[in-house]
Amino acid sequence: MVRDFGPDWIIEYRGVSMEQYVIKGGNPLVGDVTISGAKNAALGILAASIMTDDDVLIDNLPDVRDINVLLEAIEEIGARVERIDRHTVRINGSNIKEVAVDDEYIRRIRASYYFIGALLGKYKSAQVPLPGGCNIGSRPIDQHLKGFRALGAEVNIERGAVIAHAIDLVAAHIYLDVVSVGATINIMMAAALAEGQTILENAAKEPHVVDVANFLNSMGANIKGAGTDTIRIRGVNRLHGTEYSIIPDQIEAGTFMCAAAVTRGDVMVKNVIPKHLEAITAKLMEMGCEVIEFDDEVRVVGKPAQRHTDIKTLPYPGFPTDMQPQMSVALALAKGTSMVTESIFENRFKYVDELARMGTNIKVEGNVAVIDGVSQLTGAQVNAPDLRAGAALVIAGLAADGYTVVDEIGYIQRGYECFEEKLQGLGAMIERVDSDREVQKFKMKVG
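Residues numbered from 1 in each chain as written. Predicted model: local features only at pLDDT ≥ 70, side-chain atom pairs only at ≥ 80, totals over all residues. Heavy atoms only, no water.

Draft legend 1. Looking closely at the packing of aromatic side chains. Inspection of the entire model under this criterion finds seven aromatic pairs. With a centroid separation of 6.4 Å and 80° between ring planes, the pair formed by Y403 and F442 is classed as edge-to-face. On the criterion of sequence distance, the pair formed by Y403 in strand β22 (residues 403–407) and F442 in helix α15 (residues 436–446) is long-range, its members being 39 residues apart. Owing to a relative accessible area of 23%, Y403 belongs among the partly exposed residues under this scheme. (Phe/Tyr/Trp six-rings, centres within 6.5 Å; stacked < 30°, edge-to-face > 60°. Helix = DSSP H or I, 4+ residues; strand = E, 2+ residues; numbered from the N terminus. Buried < 20%, exposed > 50% of the residue type's maximum accessible area, 1.4 Å probe, protein only.)

Structure follows, in structure tokens:
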């Protein structure tokens, strides 16, 4: 089983209001939707932006909670953060006074561990508390620590924090025992300012790994091979300022593609890189959907009768684990029996019990879900257990007969910008509410 200490899971949310989504299902989604910047790329890029003393301008940032929390953490350690507009930020790391990241931020966002690679690379020292975790499976950071030690750092875990120091970082030949996006990005950042050429084998190939590498290269790093399983990083003395635009979000795009399929709609998904979506496109086509690719758009047309298929999640370019819940909803309404095998996390089917309230027929044995398709879902009150499962429950509600209320939507807001507004633009009857009274008002309004 591939393990990764990935950024897509919440640790703790403080002060999140009791907001819900209320949905009346039955409307096919039709129209155009524009995809935001990639959250997972932006998290690594924002951490890497502090590795120079010059100004760094980053645009196409998604306006989601994870990004805003990370920007707070960057400001907290002394960097200057200037919000130019909703999707553009200027960062200057010349006045960083602190290589210890505050515990408060770590509890709120898992991707703060990228500060270890960034601070270790620039200052040869970092102190970052270990995040806690949801019960979604084993996600140790042993591969991160192995990489830092190979580069010459002394790394210890004391009182719940990773403490790393080095007199000098020296290049090394590093083989990752398991494919890990987080470890690949973290080691790449530290090695960018190490002495000599680091060779990183069995590296993750995800689009956001490539985007972080391209960003570092635009700052003067010398990284070759990102997107393949062997990355070569020749260390440089310093990094300089840059202006950079983040790639579109592969998972947000895939979510809307699945929503079109589930509601039997017709959606043009705009501002995407179709190559990043090939695994999702292939499975939707196997189900009988029509998928038409353009230069930076993908049109998905759902069909009245969609077929079963089998899916196994794998590291990129395989089928993404972050799309597994959304695709499972599509298969729950397809004719026949499908099998979904989860090979990245061993406990990512917690949403299945919630879907059962809506009339699905899914049995989970270990890391395999056997899905017998049904002809109709019915609305219910459900609870979002995490980010992607929450999005999947919303999609199910859009296709269900009657009303669905999704609780714990703070998870969804971590990774989707203007989710309900984008869905409304496609004809969905969905609203964000924070009281039973507002739920009743919505029901009276939409009839």
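Draft legend 2. How the structure looks around the pattern of salt bridges. Inspection of the entire model under this criterion finds 21 salt bridges. Note that D32 is salt-bridged to K270, the shortest N-O span being 3.6 Å. Here the residue D32 occupies a position in strand β2 (residues 30–34), and K270 occupies one in strand β14 (residues 266–270), the gap between them amounting to 238 residues. Take K270: its relative accessible area is 28%, and that puts it in the partly exposed class. Salt-bridge contacts for R238 lead to D54; the nearest nitrogen and oxygen are separated by 3.3 Å. With R238 in the loop between β12 (230–234) and β13 (242–245) and D54 in the loop between α1 (39–48) and β3 (55–59), this pair connects stretches of sequence that are 184 residues apart. Here the residues in one salt-bridge network are E19, E420 and R432, joined through shared partners. (Salt bridge = Lys/Arg side-chain N within 4 Å of Asp/Glu carboxyl O.)

Draft legend 3. Layout of the UniProt feature "binding site: UDP-N-acetyl-alpha-D-glucosamine" (unreviewed entry) in the protein chain. Per the UniProt record, "binding site: UDP-N-acetyl-alpha-D-glucosamine" (unreviewed entry) is found at R110, R139, P140, I141, D142, Q143, D322 and I344. Structurally, the position occupied by P140 is in the loop between β6 (125–129) and α5 (142–150). Look at D142 and you get partly exposed, because its relative accessible area is 33%. (UniProt positions renumbered as here; feature names shortened; annotations may be inferred.)

Draft legend 4. Summary view of the domain arrangement of the protein chain. Along its sequence, the protein chain is carved into domain 1 (20–36 + 248–446) and domain 2 (39–245). For domain 1 and domain 2, the distance between their C-alpha centroids amounts to 31 Å. In this assembly, 23 residues from domain 1 lie in contact with 20 residues from domain 2. Both sides of the domain 1 and domain 2 interface together cover about 1,800 Å² of buried area, and 50% of this is carbon and sulfur. Sorting the residues of domain 1 by area buried against domain 2 places Y316, R414 and E417 first, and these three jointly supply 32% of that buried surface. Viewed at the interface, domain 2 and domain 1 are joined by one salt bridge. Between D66 and R414 there is a salt bridge; the shortest N-O distance is 2.7 Å. At the junction of domain 1 and domain 2, the tally comes to six residue pairs in polar contact (both at pLDDT 80 or more). Counting only elements with at least two residues in the side of domain 1 that touches domain 2, the list comes to α12 (387–399) and α13 (410–413). Within the side of domain 1 that touches domain 2, the residues separate by chemical class into eight nonpolar, eight polar and seven charged. (Domains from an automatic or database assignment. Contact = heavy atoms within 4.5 Å. Buried area = accessible area lost by both parts, 1.4 Å probe. Polar contact = N/O pair within 3.5 Å; in protein donor to acceptor, adjacent residues only side chain to side chain. Nonpolar A, V, L, I, M, F, W, Y, C, P; charged D, E, K, R; others polar.)

Draft legend 5. Quick look at the nonpolar core. If you look at the biggest cluster of nonpolar residues, it comprises 81 residues, and the most contacted ones within it are L46, I50, I58 and F115. Setting aside residues no more than four positions away along its own chain, L46 makes contact with I58, L61, I67, L70, L71, I74, V89 and I91. Ranked by size, the runner-up nonpolar core spans 69 residues in total, among them I35, I280, V298 and I311. (Core = buried A, V, L, I, M, F, W, Y, C linked by side-chain atoms within 4.5 Å.)

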